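# Observations on chain architecture
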Amino acid sequence: MSLRLGDTAPDFTQESSDGAINFYEFLGSSWGILFSHPADYTPVCTTELGYTAKLQDEFARRGVKAIALSVDDAESHKGWISDINETQNTAVNFPILADKDRKVSALYGFIHPNASATLTVRSLLIIDPDKKVRLIITYPASTGRNFNEILRVVDSLQLTDTHKVATPANWQHGDDVVIVPSLKDEDEIRQRFPKGYTAVKPYLRLTPQPE
Ligand code: BEZ
(Lines give C-alpha, C1' and ligand atoms only; values in the text may rest on other atoms or scores of the structure.)
Protein backbone atom coordinates (compact mmCIF):
# COMPACT_ATOMS: atom_id res chain seq x y z
CA MET A 1 0.00 0.00 0.00
CA SER A 2 1.24 3.45 -0.84
CA LEU A 3 0.37 5.97 1.86
CA ARG A 4 0.11 9.66 1.10
CA LEU A 5 -0.13 12.79 3.20
CA GLY A 6 -3.58 13.19 4.74
CA ASP A 7 -4.34 9.47 4.61
CA THR A 8 -5.41 7.71 7.78
CA ALA A 9 -2.51 5.69 9.19
CA PRO A 10 -3.61 2.04 9.17
CA ASP A 11 -4.06 0.31 12.50
CA PHE A 12 -2.33 -3.00 13.26
CA THR A 13 -1.34 -5.33 16.04
CA GLN A 14 2.20 -6.66 15.94
CA GLU A 15 4.88 -8.14 18.18
CA SER A 16 7.55 -5.83 19.51
CA SER A 17 10.45 -5.62 21.92
CA ASP A 18 7.81 -4.73 24.56
CA GLY A 19 5.34 -7.52 23.66
CA ALA A 20 2.32 -7.34 21.36
CA ILE A 21 1.26 -3.77 20.51
CA ASN A 22 -1.92 -2.42 19.02
CA PHE A 23 -0.85 0.74 17.20
CA TYR A 24 -3.90 2.88 17.90
CA GLU A 25 -3.94 1.87 21.58
CA PHE A 26 -0.24 2.65 21.79
CA LEU A 27 -0.76 6.09 20.26
CA GLY A 28 -3.88 6.99 22.23
CA SER A 29 -4.40 10.72 21.65
CA SER A 30 -0.68 11.43 21.14
CA TRP A 31 1.20 12.34 18.02
CA GLY A 32 3.23 9.43 16.69
CA ILE A 33 6.50 8.83 14.89
CA LEU A 34 6.68 5.44 13.19
CA PHE A 35 10.05 4.72 11.62
CA SER A 36 11.50 1.72 9.87
CA HIS A 37 15.14 0.75 9.55
CA PRO A 38 16.85 -1.94 7.48
CA ALA A 39 18.05 -4.34 10.17
CA ASP A 40 19.18 -4.85 13.76
CA TYR A 41 22.88 -4.85 14.63
CA THR A 42 23.77 -2.39 11.88
CA PRO A 43 25.87 0.71 12.55
CA VAL A 44 23.73 3.56 11.20
CA CYS A 45 20.54 2.15 12.76
CA THR A 46 22.33 1.80 16.09
CA THR A 47 23.11 5.52 16.11
CA GLU A 48 19.60 6.46 14.96
CA LEU A 49 17.83 4.54 17.69
CA GLY A 50 20.28 5.74 20.31
CA TYR A 51 19.74 9.35 19.30
CA THR A 52 15.96 8.91 19.28
CA ALA A 53 16.14 7.55 22.83
CA LYS A 54 18.11 10.63 23.88
CA LEU A 55 15.34 12.86 22.50
CA GLN A 56 12.72 11.23 24.73
CA ASP A 57 12.17 14.40 26.78
CA GLU A 58 11.81 16.49 23.62
CA PHE A 59 9.24 14.06 22.20
CA ALA A 60 7.34 13.96 25.51
CA ARG A 61 7.20 17.76 25.67
CA ARG A 62 5.49 17.76 22.28
CA GLY A 63 3.13 14.88 23.09
CA VAL A 64 4.85 12.53 20.64
CA LYS A 65 5.33 8.77 21.00
CA ALA A 66 8.06 7.05 18.97
CA ILE A 67 7.93 3.49 17.69
CA ALA A 68 10.52 1.80 15.46
CA LEU A 69 10.26 -1.19 13.12
CA SER A 70 12.39 -3.73 11.36
CA VAL A 71 11.79 -7.24 10.06
CA ASP A 72 13.96 -8.82 12.75
CA ASP A 73 12.30 -10.68 15.60
CA ALA A 74 11.66 -9.48 19.15
CA GLU A 75 14.53 -11.50 20.65
CA SER A 76 16.94 -9.92 18.19
CA HIS A 77 15.56 -6.47 19.06
CA LYS A 78 16.06 -7.07 22.78
CA GLY A 79 19.69 -8.13 22.34
CA TRP A 80 20.36 -5.19 20.03
CA ILE A 81 18.75 -2.73 22.47
CA SER A 82 21.41 -3.74 25.03
CA ASP A 83 24.08 -2.88 22.46
CA ILE A 84 22.42 0.45 21.66
CA ASN A 85 22.21 1.36 25.33
CA GLU A 86 25.84 0.43 25.87
CA THR A 87 27.35 2.06 22.80
CA GLN A 88 25.15 5.16 22.60
CA ASN A 89 25.11 5.78 26.34
CA THR A 90 21.33 5.87 26.56
CA ALA A 91 18.29 3.76 27.45
CA VAL A 92 15.99 2.86 24.57
CA ASN A 93 12.59 3.73 25.94
CA PHE A 94 10.31 3.06 22.99
CA PRO A 95 9.25 -0.21 21.36
CA ILE A 96 10.74 -1.72 18.21
CA LEU A 97 8.13 -3.61 16.18
CA ALA A 98 9.21 -7.12 15.24
CA ASP A 99 7.76 -7.25 11.74
CA LYS A 100 9.08 -10.66 10.81
CA ASP A 101 5.97 -11.50 8.75
CA ARG A 102 6.24 -8.04 7.08
CA LYS A 103 2.60 -7.32 7.86
CA VAL A 104 3.18 -3.70 8.93
CA SER A 105 5.84 -3.16 6.27
CA ALA A 106 3.31 -4.12 3.61
CA LEU A 107 0.62 -1.86 5.14
CA TYR A 108 2.98 1.11 5.21
CA GLY A 109 5.04 0.44 2.07
CA PHE A 110 8.31 0.06 3.96
CA ILE A 111 9.76 -2.49 1.54
CA HIS A 112 10.98 -1.02 -1.73
CA PRO A 113 11.77 -4.11 -3.82
CA ASN A 114 14.23 -2.35 -6.12
CA ALA A 115 16.25 -1.21 -3.09
CA SER A 116 16.01 -4.51 -1.21
CA ALA A 117 13.63 -7.42 -1.67
CA THR A 118 13.72 -8.35 2.01
CA LEU A 119 14.78 -5.40 4.17
CA THR A 120 12.75 -2.36 5.12
CA VAL A 121 13.91 1.03 3.90
CA ARG A 122 14.65 3.96 6.20
CA SER A 123 11.18 5.55 6.23
CA LEU A 124 9.54 7.76 8.84
CA LEU A 125 5.99 9.00 9.27
CA ILE A 126 4.60 11.66 11.58
CA ILE A 127 1.01 10.82 12.54
CA ASP A 128 -1.24 13.35 14.24
CA PRO A 129 -3.75 12.70 17.06
CA ASP A 130 -6.51 12.14 14.44
CA LYS A 131 -4.28 9.35 13.00
CA LYS A 132 -3.66 11.35 9.83
CA VAL A 133 -0.29 11.03 8.11
CA ARG A 134 1.40 14.45 8.21
CA LEU A 135 4.96 13.67 7.05
CA ILE A 136 6.53 10.84 5.07
CA ILE A 137 10.26 10.66 4.41
CA THR A 138 12.40 7.86 3.04
CA TYR A 139 16.17 7.89 3.23
CA PRO A 140 18.74 5.58 1.71
CA ALA A 141 20.00 2.79 3.97
CA SER A 142 23.44 4.38 4.13
CA THR A 143 22.20 7.80 5.39
CA GLY A 144 21.10 8.23 8.99
CA ARG A 145 18.13 10.53 9.45
CA ASN A 146 18.29 13.90 11.21
CA PHE A 147 15.96 13.54 14.19
CA ASN A 148 16.34 17.20 15.10
CA GLU A 149 14.67 17.88 11.76
CA ILE A 150 11.81 15.59 12.77
CA LEU A 151 11.31 17.65 15.94
CA ARG A 152 11.37 20.80 13.82
CA VAL A 153 8.61 19.41 11.59
CA VAL A 154 6.52 18.44 14.63
CA ASP A 155 6.91 21.99 15.95
CA SER A 156 5.88 23.40 12.59
CA LEU A 157 2.83 21.12 12.29
CA GLN A 158 1.70 21.89 15.82
CA LEU A 159 2.05 25.64 15.19
CA THR A 160 0.01 25.30 12.01
CA ASP A 161 -2.75 23.38 13.76
CA THR A 162 -2.93 25.75 16.72
CA HIS A 163 -2.20 29.15 15.27
CA LYS A 164 -2.87 29.09 11.50
CA VAL A 165 0.74 29.83 10.69
CA ALA A 166 3.24 28.10 8.42
CA THR A 167 7.02 28.06 8.78
CA PRO A 168 9.39 29.41 6.13
CA ALA A 169 12.55 27.84 4.72
CA ASN A 170 15.08 26.81 7.37
CA TRP A 171 12.77 28.05 10.13
CA GLN A 172 13.96 27.32 13.65
CA HIS A 173 11.93 27.59 16.84
CA GLY A 174 11.61 31.29 17.74
CA ASP A 175 12.01 32.63 14.20
CA ASP A 176 9.25 34.60 12.50
CA VAL A 177 6.50 32.53 10.90
CA VAL A 178 4.16 33.03 7.97
CA ILE A 179 0.42 33.68 8.27
CA VAL A 180 -1.34 31.01 6.19
CA PRO A 181 -2.65 32.47 2.91
CA SER A 182 -6.20 31.24 3.62
CA LEU A 183 -6.46 33.56 6.63
CA LYS A 184 -7.78 36.84 5.20
CA ASP A 185 -10.06 38.28 7.86
CA GLU A 186 -8.28 41.35 9.33
CA ASP A 187 -10.16 41.15 12.66
CA GLU A 188 -9.13 37.53 13.11
CA ILE A 189 -5.56 38.37 12.11
CA ARG A 190 -5.40 41.19 14.70
CA GLN A 191 -6.82 38.88 17.35
CA ARG A 192 -4.52 35.99 16.53
CA PHE A 193 -1.35 38.03 16.05
CA PRO A 194 -1.43 40.94 18.52
CA LYS A 195 2.25 41.68 17.82
CA GLY A 196 1.25 42.58 14.25
CA TYR A 197 2.68 41.40 10.98
CA THR A 198 4.77 42.57 8.06
CA ALA A 199 3.29 42.13 4.60
CA VAL A 200 6.33 41.71 2.34
CA LYS A 201 3.78 40.89 -0.37
CA PRO A 202 0.04 40.42 0.12
CA TYR A 203 0.66 36.64 0.10
CA LEU A 204 3.83 36.76 2.25
CA ARG A 205 2.95 38.01 5.72
CA LEU A 206 5.50 37.49 8.49
CA THR A 207 4.67 37.57 12.19
CA PRO A 208 6.57 36.71 15.37
CA GLN A 209 6.13 33.08 16.36
CA PRO A 210 3.06 32.77 18.58
CA GLU A 211 3.62 31.00 21.89
C1 BEZ B 1 23.20 0.62 8.78
O2 BEZ B 1 22.20 0.73 9.44
O3 BEZ B 1 24.29 0.87 9.25
C4 BEZ B 1 23.15 0.22 7.34
C5 BEZ B 1 22.13 -0.60 6.93
C6 BEZ B 1 22.10 -0.99 5.59
C7 BEZ B 1 23.06 -0.54 4.70
C8 BEZ B 1 24.07 0.31 5.14
C9 BEZ B 1 24.10 0.69 6.47
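Described in the following lines is the structure provided in the data block. In this text the structure is predicted, and so the values were computed from the model without any measurement.

Here we come to the environment of Q172. Looking at where Q172 falls in the secondary structure, it is placed in the loop between β8 (165–166) and β9 (177–179). For Q172, a relative accessible area of 45% gives the class partly exposed. Here the alpha-carbon distance between Q172 and L3, two residues 169 residues apart in the chain, equals 28 Å. Contacts of Q172, omitting those with residues within four sequence positions, involve R152 and Q209.

What follows covers the site of the ligand. Contacts to the ligand come from T42, P43, V44, C45, R122 and A141. Take T42: an N or O atom from its side chain is 3.0 Å from an oxygen atom of the ligand. At 3.0 Å, a backbone N or O of C45 approaches an oxygen atom of the ligand. A total of three residues in the shell around the ligand trace back to one element, the largest contributor, which is helix α2 (residues 43–54). Of the residues contributing to the shell around the ligand, the split by class is four nonpolar, one polar and one charged.

Rules and cut-offs
- Residue numbers restart at each chain and count upward from 1, following the sequence in its written direction.
- For a predicted model such as this one, the threshold for reporting local features is a pLDDT of at least 70, and the threshold for listing and counting side-chain atom pairs is 80 or more; totals across whole chains, interfaces and linings nevertheless cover every residue.
- Heavy atoms from the whole structure form the basis of all side-chain values; hydrogens and water molecules are not counted.
- Secondary structure elements follow DSSP: runs of H or I no shorter than four residues count as helices, runs of E no shorter than two count as strands, and numbering proceeds from the N terminus.
- Accessible area is worked out with a 1.4 Å probe on protein chains only. A residue is then buried under 20% of its type maximum, exposed over 50%, and partly exposed in between.
- Every residue pair with non-hydrogen atoms within 4.5 Å of one another is taken to be in contact.
- In these notes, residues near a molecule or strand are those with any non-hydrogen atom within 4 Å of it.
- Here a polar contact is recorded for every N or O atom pair within 3.5 Å, except that within protein the pair must consist of a potential hydrogen donor and a potential acceptor, and residues adjacent in sequence are included only if both atoms are side-chain atoms.
- Nonpolar residues are Ala, Val, Leu, Ile, Met, Phe, Trp, Tyr, Cys and Pro. Charged residues are Asp, Glu, Lys and Arg, and all others, Gly as well, are polar.

Interpretation note: all reported values are geometric properties and have no functional meaning in isolation.
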